[in-house]
Amino acid sequence: MTASARRERSEVVHALRDAGITALISFGLFLPLVGLLTITNMNNELRLTTRLPLLVIFVALIAGVRLLVTLVIRPWAERRRALSTRKPFSIPRSFSRWFVPFAIGFLVVYPFISLAAVGYSGSLKWIDNFGIQILIYVMLGWGLNIVVGLAGLLDLGYVAFYAVGAYSYGLLASHFGLSFWILLPLAGILSSFWGILLGFPVLRLRGDYLAIVTLAFGEIIRIVLVNWVDLTNGYAGIAAIPRPTFFGIPFNTDDNGFAATFHLTFSPTHRTIFLYYLILGLALLTGYVTTRLRRLPVGRAWEALREDEIACRSLGINTTNTKLTAFAMGAMFAGFAGSFFAARQGFISPESFTFIESATILSIVVLGGMGSQIGVAIAAVAMIGGTEIMRDMDFLKAIFGDTFDPTQYRMLIFGFAMVLIMIWKPRGLIASREPSVFLKERKTISSELVKEGHG
Amino acid sequence: MAGEAMLRVEHLTMRFGGLVAVNDVSFEVHRGTIAALIGPNGAGKTTVFNCITGFYKPSEGRIALQHGDSSAWQSLDQLTDSGKRERRDANGALFLLERMPDYLVAQRARVARTFQNIRLFSGMTVLENLMVAQHNPLMLASGYTVLGVLGFPGYAVREYEAVEKARGWLERLELVDRADDPAGDLPYGAQRRLEIARAMCTDPVLLCLDEPAAGLNAHESAELNELLLAIRKDFGTTILLIEHDMSVVMEISDHIVVLDYGVKISDGTPEFVRNDPKVIGAYLGVEDDEVAEVEAEVGL
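Note that the coordinates shown come from a computational prediction; the quantities given were computed from them, not determined experimentally.

**Notes on the overall build of chain A**
Point 1. Counting its secondary structure elements, chain A contains 16 helices and 2 strands.
Point 2. A sequence separation of at least 24 residues applies to 71% of the contacts in chain A between residues at least 6 apart.
Point 3. For chain A, the computed accessible surface area is about 22,900 Å², with 67% contributed by carbon and sulfur atoms.
Point 4. Here chain A carries 39 positive and 27 negative side-chain charges, and the mean point of each set is 10 Å from the other.

Below you can see the structure in the form of structure tokens.
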């Protein structure tokens, strides 16, 4: 046996052992998660059943992938790395220059593409569940990006400002009948007021401590919403929130309704399309304002604050005000998004503003690459669109059998995808930083030099 | 010694719990001079710096800085008694630095500083570093962000001027070609000089440098000397520096203050300090009366 053949054999043995260990671990993990199932039978008794075939498929799949990685993919990647001197990955300028107008153009015609493709009733899902839902999170992601990505302040309670915006709209619209267009800026102002209010006590805190206090703040707002029943109606929430009108023309079947005014056949999709353009406009406003702010002294001060707070103070920058403006700006956009959310749903309850929402928005920002707006938008599409698309992945039944319900594995696959991305790109999808001003040419800055902030 | 006092440190004491880091130190820095603060490790030099630049609140003492006409000094006691932190009139202004937070010392009293361990914004470009330093005037020009977001044209002009000012500094440092590179990518010596240029972009009257020559080779130290002398000549900025590198200190300083164990042990021209037995004793680690003996031993 030659030396190379022996080495190859030992590699295969090693890979097989590795895959075996992986299979054992995944068996241990998935036995309670997948292998066992509790079912309530006819007599209302809880019975434990097993799903061994499914468990075997899971374990075999994982062990197989592991074997593939150790035997094929990793050697291939190492060969490639040895061959080429790795340049830090950054998006070519031409890509970002073309991508943004193209993406905006696509978003503008998207409802009509979907109308043409699947008709009025079919496109409701595509415009509402995908379009509007994703755009809300793009907007929230961009808003939180100001606080976390630019200013480097870790905020785990961002959903509180979203809730403030939603309840501001819900309460003021149902009690005083104020219109959406008056309440939208008002909700933004109220939210940024709460942002400043949160900002003051946490100014001295950094890092983990800041994260804990913001987390607590988010919970305080939610618990107040739950318990202040007189005002917020507690868990029952606020129902029948007035829906936004098309600049005074309601979306209903009346003679003065939208459909009649524009001589169309009535369809609930009209309102959805209007809401879609509304949130598209709001999201683009957020993106545009953030882009502008980055190039203004305040934006540069945010980034400088993330890089080095002490150096900022030595240059005469009032770090207190700088942090407060970051909190206020981020909160304001969450307030806009919140009031839109209330107007779209027509019903809000504290259930919509739990910690998992904050976590989702934060993971969008982290996944996208802190500070990168395109990255955050792509991450929002992947995360929110991904979880929505998991709802109808019926082809998975071909692998896992007919009883397999993909929706139940949504979060599992979602978590798996996040782990993968964090291994592949630990600083997010777009980790490089675009300078806000340049003398001769705009060069992207590799993430190794950019700091993440101390909180 | 040229000019009159612009900075007066009087009976400065700084305690950290039971530790007295700086004990009753008084000295003056004169306008348009380069003054050095030297002393063995742990003598309290950086603590004095942090008190002057507002990063520490001194336990006791007064730190007064004056802009403009020296007649402003006459109202020093009046200002101290009034409880205010600054006083302006037609002839100049007077500031009590120990009453001001760090960012106001930089913003209002125009005292800029650098740090012993370089504190550049390493993930921002060289140019951006110099732009951040011009934050306050640009903030005003952008109407505290409001006008800037709305796109009022005045801001673009001011931003262009700020970029030009930064370009001027980059030309002086011979870093124009690296303007769009991240500051963290620069060689060490260039980072040191960039930090000085960034401090100068705040238009200071007093520039405080904490060990600017630390880690520089002989050639880079010589370049630093030239840069500091040029700053004084072209901008009239007064410089106060902490330094261990005696080639820098002795060559360019007009005035040296020596600290040891938090106490001032000598104060005067480089010539005077160089020959002061107390200073030699402090550096050699022996009592004053043994200096002659030790010097004889080591062959000085």
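**Thoughts on the packing of helix α4 (residues 159-176) of chain A against helix α6 (residues 207-227) of chain A**
Residues and elements named next belong to chain A.
Point 1. Closest axis-to-axis distance for the α4/α6 pair is 8 Å, and the angle between their directions is 30°. Between α4 and α6, the angle falls in the class roughly parallel. Of the residues in α6, those touching α4 at A160, F161, A163, V164 and Y167 are F217, G218, I221 and L225.

**Some details on the interface of chain A and chain B**
Point 1. Across the boundary between the two partners, chain A contributes 34 residues, which contact 43 residues of chain B.
Point 2. Buried area between chain A and chain B, both sides added, is near 3,500 Å², and the carbon and sulfur share of it is 64%.
Point 3. Contact with chain B buries area across many residues of chain A, yet A:R300, A:L315 and A:L439 alone supply 20% of it, more than any other trio.
Point 4. Taken together, chain A and chain B are joined by 4 salt bridges.
Point 5. Note that B:E159 is salt-bridged to A:R300, the shortest N-O span being 2.7 Å.
Point 6. Where the side of chain A that touches chain B is concerned, the elements lending two or more residues are α9 (269-295), α10 (297-307) and α11 (309-314) of chain A.
Point 7. Considering every element that reaches the side of chain A that touches chain B, the biggest residue donor is α10(A), with 7 residues.
Point 8. Of the residues contributing to the side of chain A that touches chain B, the split by class is 18 nonpolar, 4 polar and 12 charged.

**Re the sheet that holds strand β7 (residues 111-113) of chain B**
Residue and element names in this part refer to chain B.
Point 1. Ordered in space as β7-β8-β9-β3-β10-β11, the 6 strands form an open sheet in which the pairing is mixed. The open sheet has two edge strands with one neighbour each: β7 and β11 (263-268). Each adjacent strand pair in this sheet contributes to an overall mean axis angle of 15°, direction not counted.
Point 2. In the sheet, strand β3 (residues 34-38) pairs with strand β9 (residues 238-242) via 4 bridges, with the strands oriented parallel. Each residue of the ladder has a partner; that of A36, found in β9, is L241.
Point 3. The strands that helix α1 (residues 45-52) touches are β3, β7, β8 (206-210), β9 and β10 (255-260); relative to β9, the one it contacts most, it runs at about 145°.
Point 4. Each of β3, β10 and β11 is contacted by helix α12 (residues 277-284), which is oriented at about 130° to β11, the strand it contacts most.

**A short note on the domain arrangement of chain B**
All names here are of chain B.
Point 1. Domain boundaries in chain B define domain 1 (5-110 + 204-298) and domain 2 (120-203).
Point 2. When each unit is reduced to the centre of its C-alpha atoms, the spacing between domain 1 and domain 2 is 28 Å.
Point 3. Taken residue by residue, the interface counts 22 residues in domain 1 and 13 residues in domain 2.
Point 4. With both sides pooled, the region where domain 1 packs onto domain 2 buries about 1,400 Å², and carbon together with sulfur makes up 66% of that total.
Point 5. The largest per-residue losses of area from domain 1 upon contact with domain 2 belong to P204, L227 and F235, which jointly make up 33% of the total buried on that side.

What counts and how
- Residues numbered from 1 in each chain as written.
- Chains lettered and ligands numbered in written order.
- Predicted model: local features only at pLDDT ≥ 70, side-chain atom pairs only at ≥ 80, totals over all residues.
- Heavy atoms only, no water.
- Helix = DSSP H or I, 4+ residues; strand = E, 2+ residues; numbered from the N terminus.
- Contact = heavy atoms within 4.5 Å.
- Areas by Shrake-Rupley, 256 points an atom, 1.4 Å probe, with all protein chains shown as cover.
- Lys, Arg positive; Asp, Glu negative; His and termini not counted.
- Charge placed at Lys NZ, Arg CZ, Asp CG, Glu CD.
- Axes fitted to C-alpha atoms, helices over the stretch in contact; angles between N-to-C directions.
- Parallel < 35°, antiparallel > 145°, perpendicular 65-115°, else oblique.
- Buried area = accessible area lost by both parts, 1.4 Å probe.
- Salt bridge = Lys/Arg side-chain N within 4 Å of Asp/Glu carboxyl O.
- Nonpolar A, V, L, I, M, F, W, Y, C, P; charged D, E, K, R; others polar.
- Pairing = 2+ DSSP bridges.
- Domains from an automatic or database assignment.

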